[in-house]
Amino acid sequence: MFITIDRFEGNYAVCLTDNNIKIDIPRSLLPESASEGSIYDMSFTQRPDEEKIRRKRISEKAERLWKD
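So, how was this worked out
- Residues numbered from 1 in each chain as written.
- Predicted model: local features only at pLDDT ≥ 70, side-chain atom pairs only at ≥ 80, totals over all residues.
- Heavy atoms only, no water.
- Helix = DSSP H or I, 4+ residues; strand = E, 2+ residues; numbered from the N terminus.
- Rg over C-alpha atoms; globule rule 2.2 N^0.38 Å.
- Contact = heavy atoms within 4.5 Å.
- Areas by Shrake-Rupley, 256 points an atom, 1.4 Å probe, with all protein chains shown as cover.
- Buried < 20%, exposed > 50% of the residue type's maximum accessible area, 1.4 Å probe, protein only.
- Core = buried A, V, L, I, M, F, W, Y, C linked by side-chain atoms within 4.5 Å.
- Phe/Tyr/Trp six-rings, centres within 6.5 Å; stacked < 30°, edge-to-face > 60°.
- Lys NZ or Arg CZ within 6 Å of the ring centre and 35° of its normal.

Student: How do you make sense of the overall build of the chain when you look at a structure like this?
Tutor: In terms of regular secondary structure, the chain is built from one helix and four strands. For the chain, the sequential pattern of α-helices and β-strands runs β-β-β-β-α. For 68 residues, the compact-globule estimate of 2.2 N^0.38 gives 11 Å, and the C-alpha radius of gyration of the chain, at 18 Å, exceeds that figure by more than 25%. Of the contacts made within the chain by residues no fewer than 6 positions apart, 35% connect residues no fewer than 24 positions apart. When the accessible surface of the chain is totalled, it reaches about 6,100 Å², and 51% of it is carbon and sulfur.

Student: What is the right way to read the side chain of Ser-38 from this model?
Tutor: Summarising the element assignment, Ser-38 is placed in the loop between strand E3 (22–26) and strand E4 (39–41). Once residues within four sequence positions are removed from consideration, Ser-38 is found in contact with Ile-3, Thr-4, Ile-5 and Ser-33.

Student: How should unusual backbone geometry be read in this particular structure?
Tutor: As a rule of thumb, non-glycine residues mostly have phi less than zero, and peptide bonds are mostly trans rather than cis. In this model, Asn-20 sits at a positive phi of 60°, which is unusual for a non-glycine residue. As for its placement among the helices and strands, Asn-20 is situated in the loop between strand E2 (12–17) and E3. Look at Asn-20 and you get exposed, because its relative accessible area is 60%.

Student: Help me understand the nonpolar core in this model?
Tutor: If you look at soluble globular proteins, the nonpolar side chains tend to sit buried side by side. Among the nonpolar cores identified, the biggest contains seven residues, and these are Ile-3, Ile-5, Ala-13, Cys-15, Ile-25, Leu-30 and Ala-34. Those residues within four positions of Leu-30 in sequence are excluded, and the remaining contacts are Ile-5, Phe-8, Ala-13 and Ile-25.

Student: Quick question: what am I supposed to make of the packing of aromatic side chains here?
Tutor: What describes a pair of aromatic rings is the distance from one ring centre to the other and the angle between the planes of the rings. Using the criterion set out here, one finds zero aromatic pairs in the structure. Here the guanidinium or amino end of Arg-27 rests over the ring plane of Phe-8, the centre of that ring lying 3.8 Å away.

Structural data, given as structure tokens:
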């Protein structure tokens, strides 16, 4: 999926997808060179290794919290 930066409003970039869905993205997440009309590839890559680490960390915190 591609997004195009339509305009900036405060700390957000108002972006449009190829299907004209509006997405507001914090400006801090974009490269400094981002400008109106810039086009970016939006891809979501699943990270099972990171999921496993975070699930374990959450489980350990819950265990400590509910420990008698």
